[in-house]
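Per-entry structural report
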Amino acid sequence: MALSEAFLCLDPMFLSKFGATFGKQRNLGLVDLHYSLRASRNEIKRIGFSSAGRCDTDIKNRTKRSWFLRCNCQKADTVSGLTADDGRPTPLSAKANVNKVQEFELNQLLKSDKEGFANGNTNGSRIVKNNRKSVEDEAWDLLKESVVYYCGNPIGTIAASDTSCPSILNYDQVFIRDFIPSGIAFLLKGEYDIVRNFILYTLQLQSWEKTMDCHSPGQGLMPASFKVRTVPLDGDDSVTEDVLDPDFGEAAIGRVAPVDSGLWWIILLRAYGKCTGDLSVQERVDVQTGIKMILKLCLADGFDMFPTLLVTDGSCMIDRRMGIHGHPLEIQALFYSALLCAREMLAPEESSADLITALNNRLVALSFHIREYYWIEMRKLNEIYRYKTEEYSYDAVNKFNIYPDQIPAWLVEFMPSRGGYLIGNLQPAHMDFRFFSLGNLWSIVSSLATVDQSHAILDLVETKWSELVADMPMKICYPALEGQEWRIITGSDPKNTPWSYHNGGSWPTLLWQLTVACIKMNRPEIAEKAVVFAERRISRDKWPEYYDTKGARFIGKQSRLYQTWSIAGYLVAKLLLANPSAAKILTSEEDSELVNAFLSANPRRKRGRKGFKQPFII
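Residues numbered from 1 in each chain as written. Predicted model: local features only at pLDDT ≥ 70, side-chain atom pairs only at ≥ 80, totals over all residues. Heavy atoms only, no water.

Notes on unusual backbone geometry
Rules: Only DSSP runs of H or I with at least four residues qualify as helices, and only runs of E with at least two residues qualify as strands; both kinds are numbered from the N terminus onward. Throughout, exposure labels follow a simple rule: accessible area from a 1.4 Å probe, protein chains only, divided by the maximum for the residue type, with under 20% read as buried, over 50% as exposed, and the rest as partly exposed.
Cis rather than trans, the peptide bond between P473 and M474 has omega equal to 5°. That bond from Y478 to P479 is cis: its omega, -5°, falls within 30 degrees of zero. Looking at the secondary structure, you find P479 in the loop between β14 (477-478) and α18 (483-490). Even without glycine at this site, E390 takes up a positive phi of about 55°. If you trace the backbone, E390 turns up in the loop between α13 (378-385) and α14 (409-414). Given the relative accessible area of 55%, E390 is considered exposed. Phi at N401 takes a positive value of approximately 55°, unusual for a residue other than glycine. Its location among the elements puts N401 in the loop between α13 and α14.

Dropping the structure here:
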């Protein structure tokens with residue numbers, strides 16, 4: 001057992017006795033431990049009281065954005081182990097005292113281990129595991145502290161609880177995409193209520209009127225985030241009520257609608273049903289309607305010739321200008337995954353027949369398009385290098401008129417002889433050769449990538465570990481935009497400077513997606529190694545949102561501390577590695593019917609008319 005692993009097995013009360021001196025021990029790379037709950041870090045007031053103690057929910061008003069989803073109620077005492085009185089969690093378990101033997105063993109370990117994690121050594125003395133690891137205990141405490149309540153019930157988790165930062169912005173809100181790892185963590189621990197509440201309340205927000213400058217997007221759009229506010233009831237300061245205030249992008253920086261919110265919502269809904277066995281939620285009429293509204297919005301006809309989803313810059317996890325407008329891989333992977341999940345959950349009704357047909361057709365076209373045109377490895381790169389351009393033909397090899405000079409110099413050195421990946425974006429005369437982690441990892445999870453491609457992506461991660469993982473998993477994209485390219489593409493964004501934030505920054509939350517992908521391909525050792533790297537410092541660094549520099553050596557210059565999805569991402573990774581079979585609630589296997597349809601469709605067939613027999617009238 002590794003020194004760190006043995007160390008983390010000790011009782012938290014004993015560890016707190018030693019304090020921060022552990023983190024100062026040379027070469028150990030161990031974490032400073034936190035067990036005191038930080039008071040009032042959750043800025044959202046938990047609940048409002050009324051003298052009558054009734055719950056009155058008003059969701060009928062659709063005319064003004066300033067009207068909120070209201071609830072005037074009395075708090076429940078506890079919900080799924082979460083205490084409503086003061087907003088702090090009940091203890092996960094009683095802390096037992098550590099005997100002298102444990103103290104002696106720890107002292108021996110501190111004296112004898114000379115290398116620790118500095119050389120990646122995971123072998124060491126053994127200690128009996130009587131208690132859960134201290135980092136996990138701290139993470140669970142922090143995650144439960146971040147829970148937001150509405151009408152006395154847990155409804156989500158805030159984005160971050162960093163009291164050291166004077167500017168809150170929207171980090172005190174519940175983000176749809178940010179809650180996904182939190183929701184998965186709660187599901188894996190058997191705390192289902194918070195996930196069920198989140199699914200149903202965000203569904204109610206879907207039907208609200210969404211307007212910016214007299215224009216409204218499609219009805220199926222899910223909010224980027226929402227906030228629980230406590231306001232006086234009908235002007236009476238003595239009685240308050242909770243209201244839900246959603247943001248569909250009209251208040252966001254850049255005013256970008258969140259395309260990925262609805263896709264993540266469908267993925268979480270399916271995970272809830274598979275984990276709990278409770279299919280009654282997905283079978284509800286309002287939930288079925290919500291799924292259909294999202295699908296209709298995504299499957300709507302447009303001018304595009306491609307089956308990929310066309311979006312603007314900043315419409316997903318990368319929510320600032322980073323040159324991903326068009327058909328970014330992250331959106332396509334989530335789109336494909338959501339289509340598979342929706343097909344699995346949609347009730348077989350006659351009214352849904354056309355929608356299901358359109359869904360199946362899109363799955364076939366999308367899988368072919370991504371696998372054929374987004375995939376790149378050494379052989380494909382050499383083929384692009386020899387492309388002929390300006391081909392006007394239905395049988396053109398260079399269908400998108402890609403100029404070979406677009407191949408960047410860094411890629412020639414970066415591409416290994418073994419391994420490959422899906423490029424970030426594809427448009428006419430443009431290939432974005434950057435490696436985007438979330439898009440590639442979720443392509444594995446959803447089976448958008450073939451089995452061979454999935455293994456090749458993980459081969460690349462292993463081969464290029466120092467570039468893609470470095471000191472903290474995992475780079476959101478590689479490489480960073482620099483120099484004139486950075487100035488043109490990002491607009492000289494001071495937050496997205498090279499190797500920071502979305503421009504090559506390292507995001508600990510990606511640890512859970514990496515873990516799911518590795519477990520699906522039966523290669524958990526990759527994820528285990530990444531978890532070991534994360535455990536060296538993530539707790540000591542106070543759970544940052546992201547890290548800066550090529551090697552992820554610095555905490556991000558504008559990174560929020562105690563970022564909830566960094567905490568939840570770590571917990572999900574640990575839970576899944578302890579129980580790999582649980583990853584099935586998120587993964588999708590390649591559908592044999594879809595493969596057969598893919599082969600029979602023959603997308604390479606020559607152009608022709610489909611049974612057009614009507615004569616022309618002259």
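That shown, we press on.
Points about the pairing of strand β4 (residues 147-150)
What counts, and what does not: Between any two strands, pairing holds if DSSP finds at least two bridges.
Across the two faces of β4 the burial is the same, with V147 and Y149 and V148 and Y150 all buried. Pairing of β4 with strand β5 (residues 153-157), which is carried by four bridges, proceeds in the antiparallel orientation. Within β5, the position partnered with V148 by the bridge is G156. Here β4 folds back onto β5 in antiparallel fashion, the turn holding two residues, of which C151 has a positive phi close to 60°.

Some details on the packing of aromatic side chains
Two descriptors summarise a pair of aromatic rings, namely the distance from one centre to the other and the angle between the planes of the rings. Note the threshold: Note on aromatic pairs: the rings of Phe, Tyr and Trp (six-membered ring only in Trp) are paired at centre separations within 6.5 Å, and the planes decide the class, stacked below 30 degrees, edge-to-face beyond 60, tilted for the rest. The rule is short: NZ of Lys or CZ of Arg within 6 Å of the ring centre and within 35 degrees of the ring normal puts a charge over the ring.
Inspection of every chain in the model, using the stated rule, returns 21 aromatic pairs. Plain terms: the ring middles of W264 and W442 are 5.1 Å apart, the flat faces sit at 70° to each other, and that makes the pair edge-to-face. Here the residue W264 occupies a position in helix α8 (residues 259-276), and W442 occupies one in helix α15 (residues 437-445), the gap between them amounting to 178 residues. Between Y501 and W507, the ring centres sit 5.4 Å apart and the planes meet at 50°, which makes this aromatic pair tilted. Comparing Y501 with W507, the two get one shared label, buried. Over the ring of F533 we find R536, and its NZ or CZ is 4.2 Å from the ring centre.

Here we look at helix α21 (residues 564-578)
So the rule is basically this: Helices are assigned an expected span. That span is 1.5 Å times one less than the residue count.
The end-to-end C-alpha distance of α21 is 21 Å, a good match for the 21 Å that 15 residues give at a rise of 1.5 Å each. Counting buried positions along α21 gives 14 out of 15 residues, so the element sits mostly inside the fold.

Some points on the pattern of salt bridges
Operational definition: Throughout this description, the term salt bridge denotes a Lys or Arg side-chain nitrogen within 4 Å of a carboxyl oxygen of Asp or Glu.
Under the criterion given, the structure shown has 21 salt bridges. Between R434 and D432 there is a salt bridge; the shortest N-O distance is 2.7 Å. The pair formed by R434 and D432 is uniform in burial state, with each residue classed as buried. Taking the shortest distance from any N to any O, the salt bridge between D541 and R537 comes out at 2.8 Å. R537 carries the same exposure label as D541, and that label is buried. Connected through salt bridges with shared partners, the residues E377, R379, K380 and E383 form a single ionic network.

Quick word on the packing of helix α7 (residues 193-206) against helix α10 (residues 285-298)
Basically, it comes down to this: Axes here refer to lines fitted to C-alpha atoms; in helices the fit is confined to the stretch in contact. Angles between the N-to-C directions go from 0 to 180 degrees. Note on angle classes: values under 35 degrees are labelled roughly parallel, values over 145 roughly antiparallel, values of 65 to 115 roughly perpendicular, and the remainder oblique. By convention, the crossing between two helices is left-handed when the near helix turns anticlockwise from the far helix through less than a right angle, and right-handed when the turn is clockwise. Whether two residues are in contact is decided by their heavy atoms, any of which lying within 4.5 Å being enough. Residues are grouped as follows: Ala, Val, Leu, Ile, Met, Phe, Trp, Tyr, Cys and Pro are nonpolar; Asp, Glu, Lys and Arg are charged; every other residue, Gly included, is polar.
The contact between α7 and α10 brings their axes to 10 Å, and the two run at 55°. In terms of orientation, α7 and α10 fall into the oblique class. Of the two elements, α7 crosses α10, and the hand of that crossing is left-handed. On α10, the residues touching L200, L203 and Q206 of α7 are D286, V287, G290, M293 and I294. Its residues assigned to classes, the contact of α7 with α10 comprises five nonpolar, two polar and one charged.

Considering the confidence of the model for the protein
Quick reminder of the rule: The predictor reports its confidence for every residue as pLDDT, a score running from 0 up to 100.
Confidence in the prediction of the protein, expressed as mean pLDDT, is 80, and 73% of residues score 70 or more. Counting contacts from residues 1-67, a segment whose pLDDT is below 50, to residues more than four positions away or on other chains yields 186 contacts. Counting contacts from residues 74-132, a segment whose pLDDT is below 50, to residues more than four positions away or on other chains yields 110 contacts.

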